[in-house]
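Chain by chain, the residues run as shown.
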Amino acid sequence: MTTPLLTIAIPTYRRPDALRLVLARLMPQLTAECRVVVQDNDATGRLPDDLAALAATHPAQVRLVRNRVNLGMAGNFLRCFETCDTEWLWLLCDDDVPTPGAVADVLAHCRRYPEVAFVNFTNAHVRRASPVVTQGLDGLVAGIDDFGLLLFASVGLYRMPAVLPHLRFGFHHAYTMAPHLALVLATARAGERCVLATCQVVEDQSVGGLAGQWSHLDACLAMNTLAELPMAPPSRRRLLELVAATLTLEAPAYQLLGRLVQGEQDVESARYYLDQAYARTWYGHTSFTTWARYRAYRLMLRWPQAGFAFFQWVKRRRGRTADEMVVPDRYDRTSASPD
């Protein structure tokens, strides 16, 4: 009997249609070397019968696990790491459809790089001419070619004997919305090697729609705390620059204006969150343009209807939609207690 080499862990929460597509693509690709674990964060509901039936067609390879309580996104990610009992883990989000040959490609990298701690695959937008192997934390931070790819959970492959001893750092940095990246950084700091690969393992477009979007406000408030991990000052500066370059101040300002227009937040609170987002994400930046935009957005919060209308006009001019305003934050910021 073949011992499984790879766990494909799928954290999910109330997105059965998206999960159905992901599982339908995975099932024909499964081999005796891999297993699928669906980690369901919906403690009060249950997956549709057809999904349970689909899993039942591969009883030895597919497991549906329900958390006792809703752990939140970061908690469910970390639960996938905590319960993994194979050498390798591929964390595949429930709204990212794998490519037709994804499982074979992932297994090939497990065999090709048996001693590395982490493999970062690519996507349809970023191309790498050849794989890059980095050593240690400074080497990884210096070698990052696209910070968004490291944030993209579904393109990460982890060797558990190297990563699991650092799981506490993932819990400590769960607030960042990127606990998987905190694990990678902590593991690299221990001197482990990482690979920036050339292979694409998920399709270009997420199938989660609006429900799959994440809050830029939360990211601007929290993601920079990844730099609290012990590292050399040059690496910390570069990491903070990468975070700031990945995020924009426009998105959280637009979210806050939307909440004001909808009566979900007061002006004083909105200003606090905007001030914190700017101070934390653009800490140490001296760009006059960024500062001027921050002051302009802060002024808009005094007249949210006009400010929101301006954002809508700009977005229409750019041919973009206006749905970011309904992206939920990590907390319900209109009540005294979290959801």
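Further up the page is the structure itself.
The residue count restarts for each chain, going from 1 along the sequence in the order it is written. Confidence filtering applies because this is a predicted model: local features only for residues at pLDDT of at least 70, side-chain atom pairs given and counted only at 80 or more, and all residues used for totals across whole chains, interfaces and linings. To obtain the side-chain values, all non-hydrogen atoms of the structure were included, while hydrogens and water were left out.

K.L.:
Help me out: how do you make sense of the packing of helix H12 (residues 250-261) against helix H15 (residues 304-317) in this one?
P.N.:
For any two helices packed against each other, the geometry comes down to the angle between their axes and how far apart the axes lie. Following both chains from N to C, one finds H12 and H15 inclined at 130°, their axes separated by 9 Å at the closest point. The pairing of H12 with H15 is recorded here as oblique in orientation. Crossing angle aside, the handedness with which H12 passes H15 is left-handed. Residues Glu250, Ala253, Tyr254, Leu257, Gly258, Leu260 and Val261 of H12 pack against Pro304, Gln305, Gly307, Phe308, Phe311, Gln312 and Lys315 of H15. Residues were grouped as follows: Ala, Val, Leu, Ile, Met, Phe, Trp, Tyr, Cys and Pro as nonpolar; Asp, Glu, Lys and Arg as charged; and all remaining residues, including Gly, as polar. Grouping the amino acids of the contact of H12 with H15 by side-chain chemistry returns eight nonpolar, four polar and two charged. Interaxial angles span 0 to 180 degrees and are taken between N-to-C directions of axes, which are lines fitted to C-alpha atoms, for helices over the stretch in contact. Only DSSP runs of H or I covering at least 4 residues are called helices, and only runs of E covering at least 2 are called strands; the numbering of each starts at the N terminus. For this classification, under 35 degrees means roughly parallel, over 145 means roughly antiparallel, 65 to 115 means roughly perpendicular, and everything else is oblique. Definitions for this section: a left-handed crossing has its near helix turned counterclockwise from the far helix by less than a right angle. A right-handed crossing has that turn clockwise. Whether two residues are in contact is decided by their heavy atoms: any pair within 4.5 Å suffices.

K.L.:
Help me understand the sheet that holds strand E5 (residues 118-122), please; the structure alone is not making it clear to me.
P.N.:
Backbone-to-backbone hydrogen bonds pair the strands of a sheet. The strands run either parallel or antiparallel. On the basis of which strands lie adjacent, the open sheet formed by eight strands has the order E3-E2-E1-E4-E7-E5-E8-E6 and mixed pairing. Taken across any chain shown, the strands that pair with only one partner, and hence form the sheet edges, are strand E3 (62-66) and strand E6 (132-135). Across the sheet, the mean angle separating the axes of adjacent strands is 20° when strand polarity is ignored. The sheet contact formed by strand E4 (residues 88-91) and strand E7 (residues 156-159) spans three bridges and is antiparallel. Note on E7: the bridge partner recorded for Trp88 is Arg159. The pairing criterion for strands is at least two bridges between them, as found by DSSP.

K.L.:
When you look at the environment of Thr83 in this model, what are you seeing that I'm missing?
P.N.:
Structurally, Thr83 is set in helix H3 (residues 72-83). The cut-offs for exposure are 20% and 50% of the maximum accessible area for each residue type, with area from a 1.4 Å probe on protein chains only; residues under the lower value are buried, those over the upper are exposed, and the others partly exposed. On the basis of relative accessible area, Thr83 is assigned to the partly exposed category, the value being 33%. Spatially, the C-alpha atom of Thr83 lies 9.6 Å from that of Ala9, the residues being 74 residues apart in sequence. The term polar contact refers here to a pair of N or O atoms within 3.5 Å; inside protein, the definition further demands a hydrogen-donor-capable atom paired with an acceptor-capable atom, and it admits residues adjacent in sequence only when both atoms are side-chain atoms. A polar contact of 2.9 Å, which involves the side chain of Thr83, links it to the backbone oxygen of Arg79.

No statement about biological role is implied by the geometric values presented.
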